[in-house]
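Residue-level listing of the chains:
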Amino acid sequence: MAHDSEHEKPRPGPPLLDGSTLFFVLLALAAGLAVLIVRGPEAFQSALGDGLGLLILILPIVVAAVLVGAYVQAMVPREAMERWLGGRSGLRGLLLATAAGSLTPGGPFAAFPLVLALYRSGAAIPVCVSYLTSWSVLGINRALVWELPLLGAEFTLTRLLVSLPLPVIAGLLTWALMGRLRERPA
Amino acid sequence: MISAYLTLGILLLALMGWRHRQAEPGHREIAVRGWRQMRPLLVRIPIALLAGSFLAMLIPRELVAGLLGEASGMQGILIATVLGAIMPGGPMITFPIALALIGAGTGMAQMVTLITAWSVLALHRVIAFELPALGWRLTGIRLLACLILAPLAGILTLLLAGLRG
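Right, let's walk through the structure included here. Everything numeric here is computed off the predicted structure, so don't read it as measured data. (Residues numbered from 1 in each chain as written. Chains lettered and ligands numbered in written order. Predicted model: local features only at pLDDT ≥ 70, side-chain atom pairs only at ≥ 80, totals over all residues. Heavy atoms only, no water.)

## So, the overall build of chain A
Here's step 1: Secondary structure assignment for chain A yields nine helices and zero strands.
Here's step 2: Helices and strands in chain A line up, N terminus first, as α-α-α-α-α-α-α-α-α.
Here's step 3: Within chain A, the fraction of its 186 residues that count as buried is 47%.
Here's step 4: Counting only contacts in chain A whose residues sit at least 6 apart along the sequence, the fraction spanning at least 24 positions is 69%. (Helix = DSSP H or I, 4+ residues; strand = E, 2+ residues; numbered from the N terminus. Buried < 20%, exposed > 50% of the residue type's maximum accessible area, 1.4 Å probe, protein only. Contact = heavy atoms within 4.5 Å.)

In structure tokens:
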């Protein structure tokens, strides 16, 4: 890794335009330019039209999805989640972790500190793994905001349906793995 | 698209109705919180959509359809697992690319696998967030236990499609 290349902005930036958004602006511009050069102006216009048309269809969905997310957050505050999951184990713990994970909104910066807190407050490792798996495959917030509008209802519902058993499976596998690793110091 | 509107509308109404019987926080406060979360999305989603529709024009269709199409079966599911695991970035990058890949002929089971692999394995997220927060032991156990989940999701999708006929 290079240590002394050019300095980025000192702060992670305001929420409206952060590093990854800027990167994506550049990617969109580059891809647009490439389409214009490789496929010609007609293809460029049709792609632009597709994107804008989809945007108009999607905006109401995004507004509703964000509101749903805000209601879910108000429903299940973080302290309640820690209380539910701390110290629980067994199938009941895995199922609760699955429910809690799918309701946890926000990106990795929200989920991992919560898992760490759970672990420290005595939650079993399989419960932590179930929680993280559920947050990543069943996370309602991300499914509603990104997946439903972009990939459609049929795809999203199918994926959520086949993903339902995954967090519990991951928890059970963790439990089995830990049986094998028991010789090692914790 | 209509089913997406309906799903969300019903969900939102149910939540609002359920919330109506509770005290704090009220609808207004919840709406304010929602608006705060929505502002960055109003910038990100249009950009992501544009990038996605441009990328869709550039992706080599025959290659994608051959590697990840409905007919690619188990092999496509395994390729999708690897692709999903190494796909960097958050939803803003992944979903437009997924949209482009579907447009280029990726099958349903293969796409479910790819999204699942990206969700549970996400090597960029492991390095950036998980290892620093949880350490090697917890992260290692989780990754081992989660290795089979993405192909499993793909196989379940195939079975589901089989059931539907």
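Don't stop here, the text continues.
## Here we look at helix 4 (residues 73-86) of chain B
Residues and elements named next belong to chain B.
Here's step 1: Here helix 4 spans 21 Å end to end across 14 residues, near enough to the 20 Å set by a 1.5 Å rise per residue.
Here's step 2: Of the positions making up helix 4, those classed as buried are G73, G76, I77, A80, T81, G84 and A85. In an axial view of helix 4, the angular spread of the buried residues amounts to 165°, which keeps them on one side of the axis. Along helix 4, exposed side chains directed more than 90 degrees from the buried face belong to Q75, V82 and I86.
Here's step 3: The elements touched by buried residues of helix 4 are helix 3 (61-68), helix 6 (108-120), helix 7 (123-146) and helix 8 (149-164). (Expected span 1.5 Å × (residues − 1). Arc of directions from axis to C-beta.)

## Examining the nonpolar core
Here's step 1: Counting residues in each nonpolar core, the largest one holds 97 residues, and the members touching the most others are Y131(A), W146(A), L8(B), I45(B) and I115(B).
Here's step 2: Setting aside residues up to four positions removed in sequence, I115(B) forms contacts with R142(A), L151(A), F155(A), R159(A), F95(B) and A98(B). (Core = buried A, V, L, I, M, F, W, Y, C linked by side-chain atoms within 4.5 Å.)

## Thoughts on the interface of chain B and chain A
Here's step 1: Between chain B and chain A, the contact holds 73 residues from the first and 83 residues from the second.
Here's step 2: Both faces considered, chain B and chain A share a buried interface measuring about 7300 Å² in area, 83% of it formed by carbon and sulfur atoms.
Here's step 3: On the chain B side of the contact with chain A, L8(B), F54(B) and M57(B) bury the most area, a combined 10% of that side's loss.
Here's step 4: The interface formed by chain B and chain A holds zero salt bridges in total.
Here's step 5: Applying the counting criterion to the chain B and chain A interface returns six residue pairs in polar contact (both at pLDDT 80 or more).
Here's step 6: Taken together, the elements giving at least two residues each to the side of chain B that touches chain A come down to helix 1 (2-20), helix 2 (27-58), helix 5 (91-103), helix 6, helix 7 and helix 8 of chain B. (Buried area = accessible area lost by both parts, 1.4 Å probe. Salt bridge = Lys/Arg side-chain N within 4 Å of Asp/Glu carboxyl O. Polar contact = N/O pair within 3.5 Å; in protein donor to acceptor, adjacent residues only side chain to side chain.)

## Focus on the packing of aromatic side chains
Here's step 1: Taken as a whole and assessed by the stated rule, the structure comprises three aromatic pairs over all chains.
Here's step 2: Pairing F44(A) with F54(B) gives two aromatic rings, centres 5.2 Å apart and planes at 15°, and the pair type is stacked. With F44(A) in helix 2 (residues 40-75) and F54(B) in helix 2, this residue pair bridges two chains.
Here's step 3: According to the relative accessible area criterion, F44(A) is partly exposed, its value standing at 22%.
Here's step 4: F54(B) sits in the buried class, given a relative accessible area of 5%.
Here's step 5: Centroid distance F95(B) to W118(B): 5.7 Å. Interplanar angle 80°. Geometry classified as edge-to-face. Here F95(B), found in helix 5, pairs with W118(B), found in helix 6; they are 23 residues apart in sequence, far enough to count as distant. (Phe/Tyr/Trp six-rings, centres within 6.5 Å; stacked < 30°, edge-to-face > 60°.)

## Some points on a nonpolar patch on the surface
Here's step 1: Residues L33(A), L36(A), I37(A), V38(A) and L58(B) make up a contiguous nonpolar surface patch of roughly 470 Å² in combined accessible area.
Here's step 2: Per-element tally for the nonpolar patch: the top contributor is helix 1 (residues 19-38) of chain A, with four residues.
Here's step 3: For V38(A), the location among the structural elements is in helix 1. (Patch = residues over 30% accessible without salt bridge, like charges linked within 9 Å, V, L, I, M, F, W, Y side chains within 5 Å. Areas by Shrake-Rupley, 256 points an atom, 1.4 Å probe, with all protein chains shown as cover.)

## As for helix 4 (residues 90-103) of chain A
Spacing of three or four residues puts side chains on the same side of an α-helix, whose turn is 3.6 residues.
Here's step 1: The terminal C-alpha atoms of helix 4 of chain A, which comprises 14 residues, lie 20 Å apart, in line with the 20 Å expected from a rise of 1.5 Å per residue.
Here's step 2: Among the residues of helix 4 of chain A, those classed as buried are G93(A), L94(A), A97(A), T98(A), A100(A), G101(A), S102(A) and L103(A).

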